[in-house]
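Residue-level structural notes
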Amino acid sequence: MDSLIDLFISLINSMAVIIVVAYVITRSHFYTEILEKKLTPVNQLLLVMIFGVFSIYGTLSGIKVFDAYANIRDLGPAIAGLIGGPWVGLGAGLIGAAHRFLQGGFTELACSTATIVAGLMAGLVYKWKRGEFIGVSGAVIFAIVVELVHMGLTLLLSRPFDQAVVVVKTVIGPMVVANAMGMGVFAFIISNLMKERATEAEKRQIEGELLVAREIQMSIVPRIFPPFPERFEFEINAVLEPAKEVGGDFYDFFFIDDNHLFFVIGDVSGKGVPASLFMAVTKTLFRVEANLETGPQDVMSRVNNALCRDNDTGMFVTVFCGILDTGTGRVQYANGGHNPPYVVRRNGRIENLSAGGVALGIIEEVSYKPVEIVLDKNELLVMFTDGVTEAMDRKGNLFTEDRLIETLASYQGIGVEETTENILSAVRSYAAGAAQSDDITILVLKYLMSGISD
Amino acid sequence: MLKISERKQGDILVLGLEGRLDASTSSTLETRLSGSIASGQIKIVLDFSSLDYISSAGLRVLLMGAKRTKNASGKLALAGLKSHVREVFDIAGFSSILSIFSSPDEATNSF
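The sections below set out a description of the structure shown in this document. (Residues numbered from 1 in each chain as written. Chains lettered and ligands numbered in written order. Predicted model: local features only at pLDDT ≥ 70, side-chain atom pairs only at ≥ 80, totals over all residues.)

Quick look at the overall build of chain B
Here is the rule we go by: For helices the rule is a DSSP run of H or I covering at least 4 residues; for strands it is a run of E covering at least 2, with both sets numbered from the N terminus onward. Here a residue counts as buried when 20 or more other C-beta atoms sit within 10 Å of its C-beta, as exposed when there are 12 or fewer, and as partly exposed otherwise, the C-beta atoms being derived from the backbone. Distance between backbone-placed C-beta atoms decides contact: two residues are in contact if it is within 7 Å.
In terms of regular secondary structure, chain B is built from four helices and five strands. In chain B, the succession of helices and strands from N to C terminus is β-β-α-β-α-β-α-β-α. In chain B, which comprises 111 residues, the share counted as buried stands at 46%. In chain B, of all internal contacts separated by at least 6 residues, the share reaching a separation of at least 24 is 71%.

Brief notes about the nonpolar core
All names here are of chain A. Formally: Structurally, a nonpolar core is described as a collection of buried Ala, Val, Leu, Ile, Met, Phe, Trp, Tyr and Cys residues joined by way of C-beta atoms within 7 Å.
Among the nonpolar cores identified, the biggest contains 96 residues, and Phe-263, Cys-321, Val-382 and Val-388 are the most heavily contacted of them. Other than its neighbours up to four places away in sequence, Val-388 contacts Phe-399, Leu-404, Ile-423, Val-427, Ile-440 and Ile-442. Counting 52 residues, the second largest nonpolar core, distinct from the first, contains Ile-50, Ile-79, Ala-139 and Val-168.

Thoughts on the packing of helix 12 (residues 400–410) of chain A against helix 13 (residues 416–431) of chain A
All names here are of chain A. Heads up, the condition is: Structural elements are reduced to axes, namely lines fitted to C-alpha atoms, with helices fitted over the stretch in contact, and the angle between N-to-C directions of any two is expressed from 0 to 180 degrees. Working definition: roughly parallel below 35 degrees, roughly antiparallel above 145 degrees, roughly perpendicular at 65 to 115 degrees, and oblique for all remaining angles. With the far helix as reference, a near helix turned anticlockwise by less than a right angle produces a left-handed crossing, and one turned clockwise produces a right-handed crossing.
Where helix 12 contacts helix 13, the axes come no closer than 10 Å and their chain directions differ by 135 degrees. The orientation of helix 12 relative to helix 13 falls into the category oblique. Viewed along their axes, helix 12 and helix 13 form a crossing whose handedness is right-handed. Two secondary-structure elements touch here, helix 12 through Arg-403, Leu-404 and Thr-407 and helix 13 through Asn-422, Ile-423, Ala-426 and Tyr-430.

A short note on helix 6 (residues 108–128) of chain A
All names here are of chain A. Cut-off, in case you're wondering: The length a helix should cover is 1.5 Å for every residue beyond the first.
Here helix 6 spans 30 Å end to end across 21 residues, near enough to the 30 Å set by a 1.5 Å rise per residue. Of all 21 residues in helix 6, 15 are buried, a share of seventy percent or more. Looking at the residues trailing helix 6, positive phi occurs at Arg-130, about 50 degrees.

What follows is the structure, encoded as structure tokens:
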């Protein structure tokens, strides 16, 4: 009985050595290529050598039982075949077998043949699974089958037969258990590694998607300031700070004729690539629809109708848009569910441009209310998205409209660029490092001439 | 955080929302609503009495719920909105689109 326990302990010992080596190998760069199915001749040869040596180590660490060895020699070729295919399994098997054959003994033929068969069988499993790893339980069952085949071959090929029977009876238990355990642990290491890699790949994909969304967003809004250096009647400036998981904020401004500037700011509900695409469509529609004759409220209705068609996602966009008459300071605007902008008057008064309408993309044939104001010299129109007012500090408290008004009130008579910067830095210092959960967008228009009311 | 409680009143499902309905929690409600509607529960009241905050992501889920229940000849009604939550609905123009009631009872009676 003692000798049987010794046998177990020694088999498990050698198995542990193999596992440590296997672990180191699976963490190497070379193994990463194997997992990626880059089975170049060099990689195949490396696998053959490594697992061939494994096989030899299995023999050397075996324990002699009546002129035969109880060992885990078959494990190396079996693993090699399972991860590298028939040729790799055969190669490693041949190395282990050649070495075993040189050791002699009355089971030499059976034992060496079994080792080659182990590698080949594993290679066939690889083919059968089309290169997919068989999994932990599959590998363990496979290792058991391999050992049973090994025992069968011993009975078949080794003579005298009665001595072969004695050997098989003694080693069958330890060898099946040790090989199965060795294979189990090895398969476990491999499966874990593959899972890790899958998670990593998924993470990379998500990050890639975030990057795409951000690129769509940042490449679609005008980013050169001042955009119209030759215009002396007004100044315009904007910032867009995308959140890590990009929301769908956007802004745009362009001339629809020599003295009418169309401008728009919007916020798409939702995040990531879908929101970015919806935003891109919205912005494009505004470019197409904007014209002087119909005014911003009709531009908005037409864009709304276009967005409502085939919109099953429930996505919508809040928009504030307007047209500035650069000659008179007259601003016509319409609001589709967007946060009402502020006007900073010359006397320091801050007005809220409330004019509610339904956000765009929800129901067709909505009409929007046209509203008109006149900007006088140095008066500001400050537009923003809820990323500003709903920026959170670490405790989850919101920045709020009140703080925005405070910020606007405390700086007077400054340019558009300073205004956007002031708001942004006020929001940042309020958030004090708390994660930014939504895009922050600010669009500021300043009229530099004397406004002319009708 | 968003906590959703549930009770049935006749054939009307009343979901009580507690906490915040924002970008990170709205998917919880979306899954819940989609599941209910898909299983044929098309009369739903959302009790907002304990809801402190709603963002545009939350509005989108409500809109989706309203559209789907309506398509199935049902209804999604909202009740008990706090004033600052109601304000978000007003700004986005949702007050005119969604069925909003002052109390859950009033909402269930509207079916």
